[in-house]
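# Fold and contact review
Here's the letter readout for the chains.
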Amino acid sequence: QVQLAESGGGLVQAGGSLKLSCAASGRTFSSYVMGWFRQAPGKEREFVAIISSSGARTYYGDYVKGRFTISRDNAKNTVALQMNSLKPEDTAVYYCAGGGSYSFASSSYGYWGRGTQVTVSS
């Protein structure tokens, strides 16, 4: 069992940066694939980034490639999302998720944080 808690959200101007963190409890964190998803008002939850259990593999949604970077520290049970060159369309609640398979589908993740709000002003 893993419990996840996001932090680091906030209000930032377009072009700015934020770093989200996700702290995980449980001794099995290093065995989980970790992902970041986001959900804007009135829209479905969408995939943002994924990182394999070892950290060797990462993948990003087309709309954040080149701007966002996902990383993890298995010794500290944390996963991070560095967000640069933020755009107003990045405004959403960002969720950290843990799962057993390297998948872009939110249904593949059994563990979710409560989310952190990111608002990008124009």
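The preceding data block contains the structure.
These numbers were taken from a predicted model, which means no experiment stands behind them. (Residues numbered from 1 in each chain as written. Predicted model: local features only at pLDDT ≥ 70, side-chain atom pairs only at ≥ 80, totals over all residues. Heavy atoms only, no water.)

## Focus: the state of the cysteines
Our working definition: Cysteine sulfurs are considered disulfide-paired once they come within 2.5 Å of each other. Secondary structure is summarised from DSSP: a helix means a run of H or I of at least four residues, a strand means a run of E of at least two, and numbering begins at the N terminus for each. Summary of the burial criterion: residues with accessible area below 20% of their type's maximum are buried, those above 50% are exposed, and those between are partly exposed, where the area comes from a 1.4 Å probe applied to protein chains only.
The final tally for this structure, using the stated rule, is one disulfide. Across the disulfide from Cys 22 sits Cys 96; the S-S distance is 2.1 Å. Handedness here is read from the sign of the S-S torsion; for Cys 22 and Cys 96, about -75°, the answer is left-handed. Of this pair, Cys 22 sits in strand β3 (residues 18–25) while Cys 96 is found in strand β9 (residues 92–99), placing the two residues 74 residues apart along the sequence. Each member of the pair, Cys 22 together with Cys 96, is buried.

## What to know about the pattern of salt bridges
Heads up, the condition is: For this document, the term salt bridge refers to a Lys or Arg side-chain nitrogen within 4 Å of an Asp or Glu carboxyl oxygen.
Inspection of the entire model under this criterion finds four salt bridges. A salt bridge links Arg 38 to Glu 46, with the nearest nitrogen and oxygen atoms 2.6 Å apart. Judged by relative accessible area, Arg 38 falls into the buried class, the value being 5%. Between Asp 90 and Arg 67 there is a salt bridge whose closest N-O contact spans 2.7 Å. Pair noted here: Asp 90 is in the loop between β8 (78–83) and β9 and Arg 67 is in the loop between β6 (58–60) and β7 (68–73), with a separation of 23 residues, a long-range link. Across this residue pair, the class does not change: Asp 90 and Arg 67 are buried. Through salt bridges that share partners, Arg 38, Glu 46, Arg 67 and Asp 90 make up one connected network.

## Focus on the nonpolar core
We apply this condition: The definition of a nonpolar core used throughout is a set of buried Ala, Val, Leu, Ile, Met, Phe, Trp, Tyr and Cys residues joined through side-chain atoms within 4.5 Å.
If you look at the biggest cluster of nonpolar residues, it comprises 28 residues, and the most contacted ones within it are Trp 36, Val 79, Leu 81, Met 83 and Tyr 94. The set of elements that each furnish at least two residues to this core consists of β3, β4 (33–39), β5 (46–51), β7, β8, β9 and β11 (116–121). Ranked by the residues each element gives to this core, the list is headed by β3, at four residues. If you look at the next biggest cluster of nonpolar residues, it comprises six residues, including Val 33, Phe 37, Phe 47 and Tyr 109.

## Here we look at the pairing of β7
Stated precisely, the cut-off is as follows: Should DSSP find at least two bridges between two strands, the strands are regarded as paired.
Burial of β7 is one-sided: the residues Phe 68, Ile 70 and Arg 72 facing one way are buried, the residues Thr 69, Ser 71 and Asp 73 facing the other way are not. Relative to β8, β7 runs antiparallel, the two sharing six bridges. Bridge pairing in β8 places Thr 69 opposite Gln 82. Here β7 folds back onto β8 in antiparallel fashion, the turn holding four residues, of which Asn 77 has a positive phi close to 55°.

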